[in-house]
Amino acid sequence: MSGVGGDMRAEKEGEGAVSAGPFSFSPEPTLEDIRRLHAEFAAERDWDQFHQPRNLLLALVGEVGELAELFQWKPDEELGPQAWPTRERAALQEELSDVLIYLVALAARCRVDLPQAVLSKMDTNRRRYPVHLSRGSASKYTDLPHGAASEDQVVGPAGLATGQAST
């Protein structure tokens, strides 16, 4: 399995160092591949009976807690996890993988097509956070200056709210 940055060789050569260049995920496995791999894994063990949405959500929350523990009490360094020792980066990789696996399993059980849901959510976020009002701001869309596009407004080509209901 590849490392968090997609290449375990960089970690082995640099004892935990990870390339500071641009990052991109590997093209495989896809979310559908992950869904299928987990479904096969669970079916082989007759674990589907335990994978109701509530159980999957609680397992996901537990894994997020384990992920948070890795960051707890660490200083805010410029490189952050990229500078962590190999053992800690391996734990980070495992916890992030657990979170993704449970998230994909929960979405599948709830019949949510995650890639399509992400596209839809990004459209919503573009409307809620027009660049001209939100650049460099950590404010929630409801706290942006008056004139920000609301959920039911469409942002036109110039980034201005048109007042038309979105579909």
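None of these values were measured; they are calculated from a predicted model. (Residues numbered from 1 in each chain as written. Predicted model: local features only at pLDDT ≥ 70, side-chain atom pairs only at ≥ 80, totals over all residues. Heavy atoms only, no water.)

Asks: Any chance you could explain the overall build of the protein chain here in plain terms?
Replies: Looking only at helices and strands, the protein chain has six helices and zero strands in total. Expressed as a percentage of the 167 residues in the protein chain, the buried residues total 22%. Carbon and sulfur atoms make up 56% of the accessible area of the protein chain, which amounts to about 12100 Å² in all. (Helix = DSSP H or I, 4+ residues; strand = E, 2+ residues; numbered from the N terminus. Buried < 20%, exposed > 50% of the residue type's maximum accessible area, 1.4 Å probe, protein only. Areas by Shrake-Rupley, 256 points an atom, 1.4 Å probe, with all protein chains shown as cover.)

Asks: Where do I start with unusual backbone geometry in this structure?
Replies: What you tend to see is this: most non-glycine residues have negative phi, and most peptide bonds are trans. Between glutamate 28 and the following residue, proline 29, the backbone shows a cis peptide bond with an omega angle of 5 degrees. For proline 29, the position within the fold is in the loop between helix H1 (8-14) and helix H2 (31-44). Backbone geometry places aspartate 46, a non-glycine residue, at a positive phi of 55 degrees. Tracing the sequence through the fold places aspartate 46 in the loop between H2 and helix H3 (53-71).

Asks: Is there a simple way to explain the layout of surface pockets in this structure?
Replies: One way to see where empty space is left: roll a probe the size of a water molecule over the atoms. A volume near 240 Å³ is recorded for the second largest pocket. Residue lining of the second largest pocket: Arg35, His38, Ala39, Ala42, Asp48, His51, Leu56, Ala105, Ala108, Arg109 and Arg111, and that is the complete set. Residue assignment for the lining of the second largest pocket shows that the elements contributing at least two residues are H2 and helix H4 (86-109). Counting residues per element, the lining of the second largest pocket draws most heavily on H2, at four residues. Broken down by class, the residue content of the lining of the second largest pocket amounts to five nonpolar, two polar and four charged. (1 Å grid on protein atoms, 1.4 Å probe; cavity = no way out; pocket = protein on both sides within 12 Å on 5 of 7 lines; lining within 4 Å. Points joined across faces, edges and corners; volume = space filled by probe spheres on them. Nonpolar A, V, L, I, M, F, W, Y, C, P; charged D, E, K, R; others polar.)

Asks: I keep staring at the packing of H2 against H4 and nothing clicks. Help me out?
Replies: The relative placement of two packed helices is expressed as an angle between their axes plus a distance between the axes. For the pair H2 and H4, the least separation of the axes is 9 Å and the interaxial angle reads 85 degrees. Classified by the angle between their axes, H2 and H4 sit roughly perpendicular to one another. Facing H2, whose interface residues are Leu31, Ile34, Arg35 and His38, H4 presents Leu100, Ile101, Val104, Ala105 and Ala108. For the contact of H2 with H4, the per-class residue count stands at seven nonpolar, one polar and one charged. (Axes fitted to C-alpha atoms, helices over the stretch in contact; angles between N-to-C directions. Parallel < 35°, antiparallel > 145°, perpendicular 65-115°, else oblique. Contact = heavy atoms within 4.5 Å.)

Asks: Where do I start with H4 in this structure?
Replies: For an α-helix, the turn length of 3.6 residues means that residues three or four places apart are oriented alike. Here H4 spans 34 Å end to end across 24 residues, near enough to the 34 Å set by a 1.5 Å rise per residue. Among the residues of H4, those classed as buried are Arg89, Leu92, Gln93, Glu95, Val99, Val104, Ala105, Leu106 and Ala107. Looking one or two places after H4, you find arginine 111, whose phi comes out positive at around 60 degrees. (Expected span 1.5 Å × (residues − 1).)

Asks: It is not clear to me how the packing of aromatic side chains should be interpreted in this structure. Could you clarify?
Replies: Each aromatic ring pair is summarised here by two numbers: the centre-to-centre distance and the angle between the ring planes. A complete count under the given rule lists four aromatic pairs for this structure. Sitting over the ring of phenylalanine 41, arginine 45 keeps its end group 3.7 Å from the ring centre. Lying across the ring of tryptophan 84, lysine 74 places its NZ or CZ 5.0 Å from the centre. (Phe/Tyr/Trp six-rings, centres within 6.5 Å; stacked < 30°, edge-to-face > 60°. Lys NZ or Arg CZ within 6 Å of the ring centre and 35° of its normal.)

Asks: Whenever I open this one, helix H5 (residues 114-128) confuses me. Can you help?
Replies: The end-to-end C-alpha distance of H5, which contains 15 residues, comes to 20 Å, matching closely the 21 Å that a straight helix rising 1.5 Å per residue would cover. Burial in H5 covers these residues: Leu114, Thr124, Arg127 and Arg128. The arc enclosing the buried residues of H5, seen along the axis, measures out at 135 degrees, which places them on a common side. Across H5 from its buried face, at more than 90 degrees, point the exposed residues Leu119 and Arg126. (Arc of directions from axis to C-beta.)

Asks: Explain the pattern of salt bridges here, please?
Replies: For side chains of opposite charge, pairing can occur when their charged atoms come near one another. Scanning the model with the defined rule gives six salt bridges in all. The partner of aspartate 33 in a salt bridge is arginine 36, and the shortest N-O contact between them spans 3.5 Å. Note that aspartate 33 and arginine 36 are positioned in helix H2 at a spacing of three residues, about one turn of the helix. Here aspartate 33 falls in the partly exposed class, since its relative accessible area comes to 21%. Judged by relative accessible area, which is 34%, arginine 36 ranks as partly exposed. (Salt bridge = Lys/Arg side-chain N within 4 Å of Asp/Glu carboxyl O.)

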